Amino acid sequence: MEDNEIISLWRTYGQRLEESLQLNRRNAEEITRLKVKSFLSSMKPIKLFTIAVGIIWVGLIDILIIKLFPIANWFFIISAGIQVLLTKLAIVIYLYQLILIHEADISEPVLETQHKLASLRSTTIWVTRILFLQLPVWTTFYWNRSMLLNGNWVLYLIQAAVTLSFIFAAIWLFRNIRYENKDKKWFRLIFNGSEWDPVIKSIELLNELKALRVENK
Amino acid sequence: MLSEQPAIFLSLIETNKGIIYKVANAYCMHSEDRKDLIQEIIVQLWRSFDQYNDKYKYTTWMYRIALNVAISFYRRENRRKQLTNPLPDNIFDLADENNGGETGKQISYLNQFIGELKELDKALVLLYLEEKSQQEIAEITGISETNVSTRIGRIKKILKQKFASLNA
């Protein structure tokens, strides 16, 4: 089929639609009476809630670290410090997402808007990576000097096995949670569920958009 | 002026209903999803109507919103649930969706082939088939004119190959 044949086919399709497609004016009119939010601003409340909870959590742990600094053991201070630092990073990502939501305008050219929206979704994967990175500190914050001095070999062995395996898992997941691994079984297991499909598709689109933006320059 | 707005908007939708339907059809194969997408596009057009910038043609503005909503639509988890208000059922009534005959069959193949393209390529081919100039396509998509031409060349090749494989 030649170019002009395809275009003429499309014209016929357009004419047929014009003849058979009727706007249901009453239903369309109802839309003009709705107080609708943009689909982007519908994402704002959950992000604001997460940021608020995150800030409260970070604030509490920071106060705890400062207050307990002179008396608490170093295992707790360092573990809590790492946890709070990673949570702060996650909050920064959420703030970045809010900025993108604020900046995105769906009447802008497709490439720009989609780049903002796809970036917004794809940063969610970073939050997950950071979440996994803090795994080991949940196995160390309760350590103390007396436990180490008075414990027995079984306790040491179990504790070391748990902490080392959490460190290994955290680093491995942080390094491997990448779009390139999206088809691997373990990836599918972690990111199982319909809420993750849009994130994966966004990264796919983002890669396509990045290539186009490079070509555009 | 404020009371005139819905009337102006509705007549704009009526005049350009084909744009909305064709975009929705390219991005949604299933008729239920398509209905949702059509409604979503109209909702977002109405929402942005206040901020319409007359620097651009109405159709440029409509295409940008329709394509942005359509491309984002598949990435959303709870489509209709995310809207704050329930929406009416059918905005468009299509008297005869399956036009018969050989041309009807070819049209449905063309729609199928467009549906199989990548998200951005779908947008480009829709605008090309609507006989928009390369400048207009660049304005709507934000892709440079040279890039538009290269990409469309590639897409046309794919479409031709798909039609040729039907006859093989």
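Counting restarts for each chain, with residues numbered from 1 along the sequence as it is written. Both sets of labels track the order of writing: A upward for chains, 1 upward for ligands. This being a predicted model, a pLDDT of at least 70 is required before a residue's local features are given, and a value of 80 or more before pairs of side-chain atoms are given or counted; all residues contribute to the totals for chains, interfaces and linings. Each side-chain value is worked out from all heavy atoms of the structure, with water and hydrogens disregarded.

Points about the overall build of chain A
Inference 1: Tallying secondary structure elements over chain A gives 10 helices and 1 strand in all.
Inference 2: Numbering of helices and strands runs from the N terminus; a helix is a DSSP stretch of H or I covering at least four residues, while a strand is a stretch of E covering at least two. Its helices and strands in sequence order give chain A the pattern α-β-α-α-α-α-α-α-α-α-α, from N to C terminus.
Inference 3: What you see for chain A is a C-alpha radius of gyration of 26 Å, clearly larger than the 17 Å of a compact globule of 217 residues, by over 25%.
Inference 4: If one aligns the C-alpha atoms of chain A with their principal axes, the spans along those axes are about 85 × 45 × 35 Å.
Inference 5: Classification of residues uses two cut-offs on accessible area relative to the type maximum, computed with a 1.4 Å probe and protein chains only: under 20% is buried, over 50% is exposed, and between them is partly exposed. For chain A, the proportion of its 217 residues judged to be buried stands at 44%.
Inference 6: Carbon and sulfur atoms make up 66% of the accessible area of chain A, which amounts to about 12700 Å² in all.
Inference 7: Asp and Glu are treated as the negative residues and Lys and Arg as the positive ones, with His and the ends of the chain left uncounted. Here the site of a charge means NZ on Lys, CZ on Arg, CG on Asp, or CD on Glu. For chain A, the distance from the average site of its 25 positive side-chain charges to the average site of its 19 negative ones is 13 Å. A radius of gyration in this sense is built from C-alpha atoms; the matching globule rule multiplies 2.2 Å by the number of residues raised to 0.38. For accessible areas, the Shrake-Rupley method is used with a probe of radius 1.4 Å. Any residue's cover is judged against the shown protein chains and nothing else.

Focus on the domain arrangement of chain B
Residues and elements named next belong to chain B.
Inference 1: The domain limits used here are those given by an automatic or database domain assignment. Considered domain by domain, chain B is made up of domain 1 (1-95) and domain 2 (98-168).
Inference 2: In this description, contact between two residues means that some pair of their heavy atoms is separated by no more than 4.5 Å. On the side of domain 2, 15 residues touch domain 1, which itself brings 15 residues to the contact.
Inference 3: Summed over both partners, the accessible surface that disappears when two parts come together, traced with a 1.4 Å probe, is what is meant by buried area. Across the domain 1 to domain 2 interface the summed buried area is about 1400 Å²; carbon plus sulfur atoms make up 61%.
Inference 4: When residues of domain 1 are sorted by the area they lose upon contact with domain 2, Ala-26, Tyr-27 and Tyr-63 head the list and together hold 35% of the total.
Inference 5: What makes a salt bridge here is a side-chain nitrogen of Lys or Arg within 4 Å of a carboxyl oxygen of Asp or Glu, nothing more. Where domain 1 meets domain 2, there are 2 salt bridges.
Inference 6: One salt bridge connects Lys-57 with Glu-136, and the closest N-O pair in it is separated by 3.0 Å.
Inference 7: Of all elements in the fold, only helix H2 (17-27) and helix H4 (58-73) reach the threshold of two or more residues within the side of domain 1 that touches domain 2.
Inference 8: When residues of the side of domain 1 that touches domain 2 are assigned to their parent elements, the largest contribution, 6 residues, is made by H4.
Inference 9: Grouping the constituent residues of the side of domain 1 that touches domain 2 by class yields 9 nonpolar, 3 polar and 3 charged. Classes in brief: Ala, Val, Leu, Ile, Met, Phe, Trp, Tyr, Cys and Pro nonpolar; Asp, Glu, Lys and Arg charged; the others, Gly included, polar.

A short note on the packing of helix H3 (residues 31-48) of chain B against H4 of chain B
Residues and elements named next belong to chain B.
Inference 1: As a packed pair, H3 and H4 sit with axes 9 Å apart at the nearest point and diverge in direction by 135°. Judged by the angle between their axes, H3 and H4 are oblique. In this structure, H3 crosses over H4, and the sense of that crossing is right-handed. Contacts between H3 and H4 involve Asp-33, Asp-36, Leu-37, Glu-40, Ile-41, Gln-44, Leu-45 and Ser-48 from the former and Trp-61, Met-62, Ile-65, Ala-66, Val-69, Ala-70 and Phe-73 from the latter. A fitted line through C-alpha atoms represents every axis, and for helices the fit uses only the stretch in contact; the resulting angles, taken between N-to-C directions, go from 0 to 180 degrees. By definition in this entry, angles of less than 35 degrees are roughly parallel, angles greater than 145 are roughly antiparallel, angles of 65 to 115 are roughly perpendicular, and the rest are oblique. Handedness of each helix crossing follows the sense of rotation of the near helix against the far helix: counterclockwise by less than a right angle gives left-handed, clockwise gives right-handed.

Remarks on the packing of aromatic side chains
Inference 1: In this analysis, rings of Phe, Tyr and Trp, with Trp reduced to its six-membered ring, are considered paired at centre separations within 6.5 Å, and the interplanar angle assigns stacked below 30 degrees, edge-to-face beyond 60, and tilted for intermediate values. Under the criterion given, the structure shown has 19 aromatic pairs over all chains.
Inference 2: Between Trp-153 of chain A and Tyr-156 of chain A the ring centres are 5.5 Å apart and the planes differ by 90°, which places this aromatic pair in the edge-to-face class. One end of the pair is Trp-153 of chain A and the other is Tyr-156 of chain A, both in helix H8 (residues 153-176) and 3 residues apart, which spans about a single turn.
Inference 3: Grouped by ring-pair contacts, the aromatic residues Phe-9, Trp-46, Phe-49, Tyr-52, Tyr-58 and Trp-61 of chain B constitute a single cluster.
Inference 4: Two conditions define a charge located above a ring, namely a distance within 6 Å from the ring centre to NZ of Lys or CZ of Arg, and an angle within 35 degrees of the ring normal. Stacked on the ring of Phe-174 of chain A, the Lys or Arg Arg-129 of chain A has its end atom at 4.7 Å from the ring centre.
Inference 5: Over the ring of Tyr-56 of chain B we find Arg-64 of chain B, and its NZ or CZ is 4.3 Å from the ring centre.

A word on unusual backbone geometry
Inference 1: Despite not being glycine, Glu-131 of chain B shows a phi value in the positive range, around 60°.
Inference 2: By the secondary structure assignment, Glu-131 of chain B is in the loop between helix H6 (119-129) and helix H7 (134-141).

A look at the nonpolar core
One broad trend across soluble globular proteins is that nonpolar side chains are buried collectively.
Residue and element names in this part refer to chain B.
Inference 1: Remark: nonpolar core denotes a set of buried residues (Ala, Val, Leu, Ile, Met, Phe, Trp, Tyr, Cys) joined through side-chain atoms within 4.5 Å. Val-23 and Tyr-27 are the most contacted members of the largest nonpolar core, which has 74 residues in total.
Inference 2: No fewer than three residues from each of domain 1 (1-95) and domain 2 (98-168) sit in this core.
Inference 3: If we ignore the near neighbours within four places in the chain, the residues touching Val-23 are Ile-41, Tyr-63, Ala-66, Leu-67, Ala-70 and Leu-126.

Considering the interface of chain B and chain A
Inference 1: Facing the 76 residues of chain B at the interface are 55 residues of chain A.
Inference 2: Roughly 6200 Å² of surface becomes buried between chain B and chain A when both sides are summed, with 62% attributable to carbon and sulfur atoms.
Inference 3: Among the salt bridges present, the one from Glu-208 of chain A reaches Arg-151 of chain B, with a minimum N-O distance of 4.0 Å.
Inference 4: Pairing of N or O atoms within 3.5 Å defines a polar contact, subject to two protein rules: one partner must be a possible hydrogen donor and the other a possible acceptor, and residues neighboring in sequence count only if both atoms are side-chain atoms. Across the contact surface, chain B and chain A share 18 residue pairs in polar contact (both at pLDDT 80 or more).
Inference 5: Residues that form the side of chain B that touches chain A fall into these classes: 33 nonpolar, 22 polar and 21 charged.
Inference 6: In this scheme, strands are said to pair when DSSP sees at least two bridges between them. One ladder, built from 3 bridges, connects strand S1 (residues 21-23) of chain A with strand S1 (residues 92-94) of chain B; its direction is antiparallel. From the neighbouring strand, Gln-22 of chain A faces S1 of chain B, where its bridge partner is Asp-93 of chain B.

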